[in-house]
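Notes for the structure review
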Amino acid sequence: MLSNELARLAGVTVRTLRHYHQVGVLPEPPRTSGGYRHYDVGHLVRLLRITRLTALGIPLSALPEVLDDAAAAAELLGELDRRAAADIERLAARRADIAALRRTGAPPDLPPELSAWRTDPAAGLPADMVRYEHEQLVLAGHLIGRGDPAVLAALLGEVDEEPAVSAALTARFYALDEDTPDDEVTALVGDLVTRLRTALARLAHLPPVDARAAGLLDELTERTLRPAQRDVLRRVQRRLALPGGE
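Residues numbered from 1 in each chain as written. Predicted model: local features only at pLDDT ≥ 70, side-chain atom pairs only at ≥ 80, totals over all residues. Heavy atoms only, no water.

Let us now look at the side chain of threonine 180. Looking at the secondary structure, you find threonine 180 in the loop between helix 9 (163-174) and helix 10 (182-202). Among the residues examined, threonine 180 registers a relative accessible area of 14% and is labelled buried. Polar contacts involving the side chain of threonine 180 include one to the main-chain amide nitrogen of aspartate 177, which spans 3.0 Å. Beyond its immediate sequence surroundings of up to four residues, threonine 180 is in contact with Ala175 and Val185. (Helix = DSSP H or I, 4+ residues; strand = E, 2+ residues; numbered from the N terminus. Buried < 20%, exposed > 50% of the residue type's maximum accessible area, 1.4 Å probe, protein only. Polar contact = N/O pair within 3.5 Å; in protein donor to acceptor, adjacent residues only side chain to side chain. Contact = heavy atoms within 4.5 Å.)

As structure tokens, this is what we get:
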């Protein structure tokens, strides 16, 4: 039979046949006087075996070893089964993440563990501040919670034991601009210091944030926040760094 008939019987393309010849898993048959390859039933059987094995996930590079060695084939099948099990586990986890995102309406660019900590866009806060919080979570999730977003979620959970208080402070901070009266700025700095000092005391047992991660988070802050907001953060940091916060 000619190549097009063999390909049709085996359910492959003629191009696939040529590729199998090139990589050496399917021996080339003799040619007719007209220069055409002439295949017999032995080629069809071998081709059917190849298509069956490749359908199981066996790479072409391994076929010469396993086609005629039952022990090697059995060993390779064991490895393929372990890989398939890992793939299934990974896909199941992905489906669970997708289901959670669809159920909650959370943004898909955040791990589900961190989505609960984003500000609801409908909460009335300025859009640029909502975007800033979102970008903070994306960056912190990668830099601090890399490989295990639950670690960062646990950290956030320890900090935010009073979400209503945090929400009020956040709203005051995000309302800051160059027209905010000095007494309001001073009061906010004091309230933030009190709040953060308590939180930092609870988190003292955790390892410090990597300097590179902290630097990138600071860069995001400098790029996004208004000058008045950045000034408040610097004042808060200075007071927290001093004994007693004075």
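Counting along an α-helix, one turn takes 3.6 residues, and residues three or four places apart therefore face a common direction. Taken together, the buried positions of helix 2 (residues 14-23) are Leu17, Tyr20 and His21. Buried residues in helix 2, looked at end-on, bunch into an arc of 100 degrees, giving them a common side. Exposed positions of helix 2 whose direction lies more than 90 degrees from the buried face are Arg15 and Gln22. Buried residues along helix 2 sit in contact with helix 1 (3-10) and helix 3 (41-55). The positive-phi residue at the C-terminal boundary of helix 2 is glycine 24, with phi of around 90 degrees. (Arc of directions from axis to C-beta.)

Side-chain pairing between opposite charges can occur once the charged atoms of the two side chains come close. Applying the stated criterion to the full structure yields ten salt bridges. Where arginine 37 meets glutamate 28, a salt bridge forms, and the shortest distance between an N and an O atom there is 3.0 Å. Via salt bridges that share partners, Glu79, Arg82 and Arg83 belong to a single interconnected network. (Salt bridge = Lys/Arg side-chain N within 4 Å of Asp/Glu carboxyl O.)

Moving on, we get to the nonpolar core. One finds Leu17, Leu47, Ile50, Ile58, Leu63 and Val66 to be the most contacted residues of the largest nonpolar core, which totals 22 residues. Leave out the neighbours within four places in its chain, and leucine 47 touches Leu6, Ala10, Val12, Leu17, Tyr20 and Leu26. Judged by nonpolar contacts, the second largest core, of 15 residues, contains Tyr132, Phe173, Leu176 and Val232. (Core = buried A, V, L, I, M, F, W, Y, C linked by side-chain atoms within 4.5 Å.)

Remark: helix 7 (residues 127-143) packs on helix 11 (residues 211-224), axes separated minimally by 10 Å, with the N-to-C direction vectors making an angle of 170 degrees. Classed by the angle they form, the pair helix 7 and helix 11 counts as roughly antiparallel. Helix 11 is crossed by helix 7, and the crossing has right-handed handedness. Here helix 7 contributes Asp128, Met129, Tyr132, Glu135, Gln136, Leu139, Ala140 and Leu143 to the contact with helix 11, which in turn contributes Ala213, Leu216, Leu217, Leu220, Thr221, Arg223 and Thr224. When grouped by side-chain class, the residues that make up the contact of helix 7 with helix 11 number nine nonpolar, three polar and three charged. (Axes fitted to C-alpha atoms, helices over the stretch in contact; angles between N-to-C directions. Parallel < 35°, antiparallel > 145°, perpendicular 65-115°, else oblique. Left-handed = near helix turned anticlockwise from the far one by under 90°. Nonpolar A, V, L, I, M, F, W, Y, C, P; charged D, E, K, R; others polar.)

Turning to helix 1, a few remarks are in order. Listed in full, the buried residues belonging to helix 1 are Leu6, Ala7 and Ala10. One side of helix 1 holds all its buried residues, which, seen down the axis, span an arc of 100 degrees. Of the residues in helix 1, the exposed ones pointing more than 90 degrees away from the buried face are Asn4 and Arg8. Its buried side turned inward, helix 1 meets helix 2 and helix 3. Count one or two residues on from helix 1 and you reach glycine 11, which has phi positive near 75 degrees.

Okay, the packing of aromatic side chains next. Across all of its chains, the model carries one aromatic pair by this definition. Relative to tyrosine 174, the ring of phenylalanine 173 has its centre 5.8 Å away and its plane inclined at 55 degrees; by these criteria the two rings are tilted. Note on tyrosine 174: relative accessible area 5%, which makes it buried. (Phe/Tyr/Trp six-rings, centres within 6.5 Å; stacked < 30°, edge-to-face > 60°.)

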